[in-house]
Amino acid sequence: MEQPRLVASDVDGTLLADHSSISERTRAVVRRVLAAGVPFILATGRPPRWVPGVAAQAGIDGLAVCANGAALYDIGRDEIVWARTLDPVLMHDIAMEIDSALPGCTYAVERVGTGFDDTTFVAEQSYVHPWPEGPNVGLTRAETLGKPAMKLLVGNPDMTGDAMAEAIGPLLEGQVDLTYSTNNGLIELAVPGVTKASGLADVAERFGVAQSEVIAFGDMHNDVEMLRWAGHGVAMANAHQSALDAADEVTAPHHEDGVALVLERWF
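Residues numbered from 1 in each chain as written. Predicted model: local features only at pLDDT ≥ 70, side-chain atom pairs only at ≥ 80, totals over all residues. Heavy atoms only, no water.

## Section: the sheet that holds strand β2 (residues 40-43)
Stage number 1. Taken in spatial order, the eight strands of this open sheet run β5-β4-β3-β2-β1-β12-β13-β14, and their pairing is mixed. This sheet does not close on itself; its edge strands, each paired only once, are β5 (79-83) and β14 (249-251). When the angles between neighbouring strand axes are averaged without regard to direction, this sheet yields 25 degrees.
Stage number 2. Pairing geometry for β2 and strand β3 (residues 63-66), over two bridges, is parallel. Opposite Leu42, over in β3, you have Ala64 as the bridge partner.
Stage number 3. Its contacts with the sheet put helix α7 (residues 196-207) on β1 (6-9), β2, β3, β4 (71-74), β5 and β12 (214-218), and the angle it makes with β3 is roughly 160 degrees. (Pairing = 2+ DSSP bridges. Helix = DSSP H or I, 4+ residues; strand = E, 2+ residues; numbered from the N terminus. Axes fitted to C-alpha atoms, helices over the stretch in contact; angles between N-to-C directions. Contact = heavy atoms within 4.5 Å.)

## Details of the packing of aromatic side chains
Stage number 1. Summed over the entire model, instances satisfying the criterion amount to one aromatic pair.
Stage number 2. On the numbers, 6.1 Å between centres and 55 degrees between planes, the contact of Phe121 with Tyr127 is tilted. Taken as a pair, Phe121 and Tyr127 share a single burial class, namely buried.
Stage number 3. Of note, Arg84 hangs over the ring of Trp82, and the distance from its end group to the ring centre comes to 3.8 Å. (Phe/Tyr/Trp six-rings, centres within 6.5 Å; stacked < 30°, edge-to-face > 60°. Buried < 20%, exposed > 50% of the residue type's maximum accessible area, 1.4 Å probe, protein only. Lys NZ or Arg CZ within 6 Å of the ring centre and 35° of its normal.)

## A word on unusual backbone geometry
Stage number 1. Its identity is not glycine, yet Asp78 carries a phi of approximately 50 degrees, on the positive side.
Stage number 2. Relative to the helices and strands, Asp78 resides in the loop between β4 and β5.

## Remarks on the packing of helix α4 (residues 88-101) against helix α6 (residues 161-172)
Stage number 1. Following both chains from N to C, one finds α4 and α6 inclined at 130 degrees, their axes separated by 10 Å at the closest point. By the angle class used here, α4 and α6 are oblique. The handedness of the crossing between α4 and α6 comes out as right-handed. Only Ile168, Leu171 and Leu172 of α6 make contact with α4, whose side of the interface consists of Ile94, Glu97, Ile98 and Ala101.
Stage number 2. Considering only residue class, the contact of α4 with α6 consists of six nonpolar, no polar and one charged. (Parallel < 35°, antiparallel > 145°, perpendicular 65-115°, else oblique. Left-handed = near helix turned anticlockwise from the far one by under 90°. Nonpolar A, V, L, I, M, F, W, Y, C, P; charged D, E, K, R; others polar.)

## Quick word on the nonpolar core
Stage number 1. Counting residues in each nonpolar core, the largest one holds 36 residues, and the members touching the most others are Val7, Phe40, Leu42, Val51, Ile60, Phe217 and Leu263.
Stage number 2. Ignoring anything within four residues of it in the chain, the contact list for Phe217 reads Val7, Ala8, Ser9, Asp10, Thr14, Met226, Leu227, Val234, Val259, Val262 and Leu263.
Stage number 3. Ranked by size, the runner-up nonpolar core spans 24 residues in total, among them Ile98, Val122, Val154 and Tyr180. (Core = buried A, V, L, I, M, F, W, Y, C linked by side-chain atoms within 4.5 Å.)

## Topic: the pairing of strand β7 (residues 121-124)
Stage number 1. The alternating pattern of β7 places Phe121 and Ala123 on one face and Val122 and Glu124 on the opposite face, and all of these are buried.
Stage number 2. Looking at chain direction, strand β6 (residues 106-110) and β7 are connected through three bridges and run antiparallel. Bridging from a neighbouring strand, Glu110 pairs with Phe121 of β7.
Stage number 3. Judged from the two bridges that link them, β7 and strand β8 (residues 137-139) form a sheet pairing that is parallel. Bridging from a neighbouring strand, Glu124 pairs with Leu139 of β8.

## Observations concerning the sheet that holds strand β9 (residues 151-155)
Stage number 1. Read across the open sheet, the six strands follow the order β8-β7-β6-β9-β11-β10; overall the sheet is mixed. Of all strands in the sheet, those bounded by a partner on one side alone are β8 and β10 (177-179). Neighbour-to-neighbour, the strand axes of the sheet open up by a mean angle of 30 degrees, direction not taken into account.
Stage number 2. One ladder, built from three bridges, connects β10 with strand β11 (residues 186-190); its direction is antiparallel.

Structure, rendered in structure tokens:
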């Protein structure tokens, strides 16, 4: 492709060299992308509150597609531009359907706050999150699912994400969009049609950039739609098989500067 007019990258397993840091080589190429007047968009499963730290390392203060496309976050303004939320009644109904098909699951939600330091993650008792979280765990099911949420998180530490998606996916088809960003017993549910691709399409329209002029990087199942949608989708060598299958190109793994390796062709 010609020099991209918009760059989008997943965070964990893609932009980050490890669990928390971006390499100097990758930071340098991000600076060159921005200096060329090309937006660099974070497109992540992370909620907005988990974005500023990564953005500061990368030197980015523009827009970020968060919560797998359920929210658009303005980093510099610390402002949610828009959010797509699940209705509480629907979440309760879905939880009942999942319980009947796959006993032993527990639930958490990501709600919409006004900025990165809002408390938006809540979970019912016995829910175990794959990553460290705040103190708002131990609520009742009614309290957890009682308000609109960007994501409904379904946990089952005795299963893989692949196995959970296989068991639950057909049951929920048409009601929600199902994905996962880890294989550690967690699936993520959103409003139907809400994906990183739908969020990135909105961003591209805001910048007047054609779909064919977008390059996107990712590594997990929640990146599949974005990799397919972008004019050029790039999967990391460490990617989930679904992301590898969806990509136009496979680059080096995240810990070997795979994102930088591709972008250095143009920047």
